[in-house]
Amino acid sequence: MKHKGPWSNHPKTQRMDLKIGGRIEKVNSKELSYSEFAEQYLAKNQPVVLTGLMDDWRACKDWVLHDGRPNLRFFSTHFGKSKVQVADCGSREFTDQKRVEMSVSEFVDYWLEFSIEGVNNGSVREHHGKSPLYLKDWHFVKEYPEYLAYSNPLFFHDDWLNLYLDKYRMHNDPTTYQEKNEISCSDYRFVYMGAKGTWTPLHADVFRSYSWSANVCGKKQWYFLSPAQYHLVFDRNLKYSVYDIFEDVNKMKFPGSDKAIWLECTQERNEIIFVPSGWYHQVHNLEDTISINHNWFNAHNLSWVWDLLLRDYKEAKEYIEDIKDICDDFEGLCQRNLAANTGMNFHDFFTFMVHFSFANLVQLYLLLKQHGNSISTSSKRALHIVFNLESARNTVLKMKCIGFKGAQGVSIDLKKCLEDSSFLELCGDLQRTYQTLYKPCKLKDMTEIVGDNLNLVDFDLIESSDHSVCTPEDLVNLIDHAFSKLGCLSCREKLLG
């Protein structure tokens, strides 16, 4: 089936025919368990639309008028002074839309004026030289933590990225991190707001993370391309992708573009779409729309994150290869450029992996204390934690295979982690995540456990002679030692079997 796209009636634009191979599945969330979601969509990296997850959200009441349109004046009144990034949907800047900064009140005023003039003019794309503006990547949760607009749906609770960023920065090099905007790199939880006609160009998500997008109001049209076909929308050197799949695409530059088979989806109000890792997608707002979006990753897609980092590292290295002989710290420069372009580098990712691996080992320790030194292979929580550690182990082995030797001589002392409030809070958040996913299993709160003198050395979970991690090999040895001491090799065999 060929498809002309949402703007095929616009007289100034030529449209490329799309080959539509199917539609994204829609599932009632009340008929789906977390384990089923993880098996069918996370593990298989497949998109899905979920219904029935937003019934009790405050945002669905405060942010929406009785007729279903956005309550824009509510935003002006309560959040009007916030500074936000706004995309000009009619102006391209490199591989994205041009961004400008304005207050929420200014954005709302522009939206209302543009919508009235656009309706009178019969156009939703342009009026008097003005394009619709699309508010994107607003860190609403970080800016207004006491305003509980929504609750994170069960299926997306196992979110390592945002749990980590609530306690730590992903990258700490002052030369690549702008201190003046503390919120800008603080999390990947966003609010998006756009009038009918706003859109997002073709892209795959940051870090090749998963994402979920919830329509508080309005309607979106999505077009998806599977990772197996992504090369079809890239140039011959796999450097640049098609910007807009509905423009007249240059067949010389993108020779495979007409062979791509797309999936499409119309996302209605109060529906949440799950976007898997590496799926390229382009999105159009068919009505005035407000959405809540999260990017996230966990054990299921760590390999996607590492593969992107490695690819971007090779590009960064190739780009400055000609100064290698005159650079005192060529590798350090490559890593700094990688962090500036991608949001983290090898050292940041390894530090993240160590903290999360150790937090998962703490969860295993707690299970063992509760169950009397043996962990049953029937425990979904135990299998989940073992899977997390196995995934982390496999990922750092990949890092070792390309010659990564550690975080620039930085040693992460695991005993000191147990004395660090940020790490203990991370452990507590992870514990609450598993309690949400697997409710029958009750454990003590982390504050009680600290009071009980949590000591993994005395328990022999880590070796008393050396409890620091400097290299990928150290982390692999730590995980292997813990598996053998905790008697959870049967869990590991069940996962691998």
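Above: the structure in question.
Reference entry: report on the structure contained in this document. (Residues numbered from 1 in each chain as written. Predicted model: local features only at pLDDT ≥ 70, side-chain atom pairs only at ≥ 80, totals over all residues. Heavy atoms only, no water.)

## Side note on the pattern of salt bridges
Convention followed: By definition, a salt bridge exists where a carboxyl oxygen of Asp or Glu is found within 4 Å of a side-chain nitrogen of Lys or Arg. Buried, partly exposed and exposed residues are distinguished by accessible area as a fraction of the type maximum, computed with a 1.4 Å probe on protein chains only: under 20%, between the cut-offs, and over 50%, respectively.
Overall, the coordinates contain 18 salt bridges when judged by the stated rule. With its nearest N and O atoms 3.3 Å apart, the salt bridge here joins R189 to D187. Residue class for R189 comes out buried when judged on its relative accessible area of 12%. You can call D187 buried: its relative accessible area is 1%.

## Some words on the state of the cysteines
Working definition of a disulfide: a covalent bond connecting the sulfur atoms of two cysteines. Defined as follows: The disulfide criterion is simple: two cysteine sulfur atoms within 2.5 Å.
For the structure on display, the rule yields zero disulfides. Considering cysteine sulfurs only, C417 is the nearest to C427, which forms no disulfide, with 8.4 Å between them.

## Focus: the packing of helix α7 (residues 302-319) against helix α8 (residues 330-342)
Condition: Every axis corresponds to a line fitted to the C-alpha atoms, with the helix fit spanning only the stretch in contact, and the corresponding angles, defined between N-to-C directions, vary from 0 to 180 degrees. Put simply, DSSP marks the helices as runs of H or I at least four residues long and the strands as runs of E at least two long, and each gets a number from the N terminus on. Oblique is the label for any angle not covered by the other classes, which are roughly parallel (under 35 degrees), roughly antiparallel (over 145) and roughly perpendicular (65 to 115). Should the near helix be turned anticlockwise from the far one by less than a right angle, the crossing is left-handed, and should it be turned clockwise, the crossing is right-handed. Whether two residues are in contact is decided by their heavy atoms: any pair within 4.5 Å suffices. Here the nonpolar group is Ala, Val, Leu, Ile, Met, Phe, Trp, Tyr, Cys and Pro; Asp, Glu, Lys and Arg are the charged ones; every other residue, Gly included, is treated as polar.
Contact geometry of α7 with α8 gives a least axis separation of 9 Å together with a crossing angle of 120°. Between α7 and α8, the angle is such that the two are oblique. For the crossing formed where α7 meets α8, the hand is right-handed. Contacts between α7 and α8 pair L308, L309, D312, Y313, A316 and K317 from the former with F330, E331, C334, Q335, N337, L338 and T342 from the latter. Grouping the constituent residues of the contact of α7 with α8 by class yields seven nonpolar, three polar and three charged.

## Side note on a negative patch on the surface
The line we're drawing: A residue counts toward a patch only above 30% relative accessible area and without a salt bridge, and it is joined to like-charged neighbours within 9 Å or, for Val, Leu, Ile, Met, Phe, Trp and Tyr, to nonpolar neighbours within 5 Å. Every accessible area reported is derived by Shrake-Rupley at a probe size of 1.4 Å, with residue values counting cover from the shown protein chains alone. In this tally, Lys and Arg are treated as positive and Asp and Glu as negative; His is ignored, and so are the chain termini. We put the charge of a Lys on NZ, of an Arg on CZ, of an Asp on CG and of a Glu on CD.
A surface patch of like charges, here negative, comprises E318, E321, D322 and D325. On the secondary structure map, D322 appears in the loop between α7 and α8. The class of D322 is exposed, set by a relative accessible area of 68%.

## Details of the packing of α7 against helix α10 (residues 380-401)
At a minimum axis separation of 10 Å, α7 and α10 run at an interaxial angle of 15°. One element, α7, and the other, α10, form an angle in the roughly parallel class. Considering the relative orientation of α7 and α10, their crossing is right-handed. Here L302, S303, W306 and D307 of α7 lie close against α10, whose contacting residues are S391, A392, T395, K398 and M399. Taken together, the residues that form the contact of α7 with α10 break down as four nonpolar, three polar and two charged.

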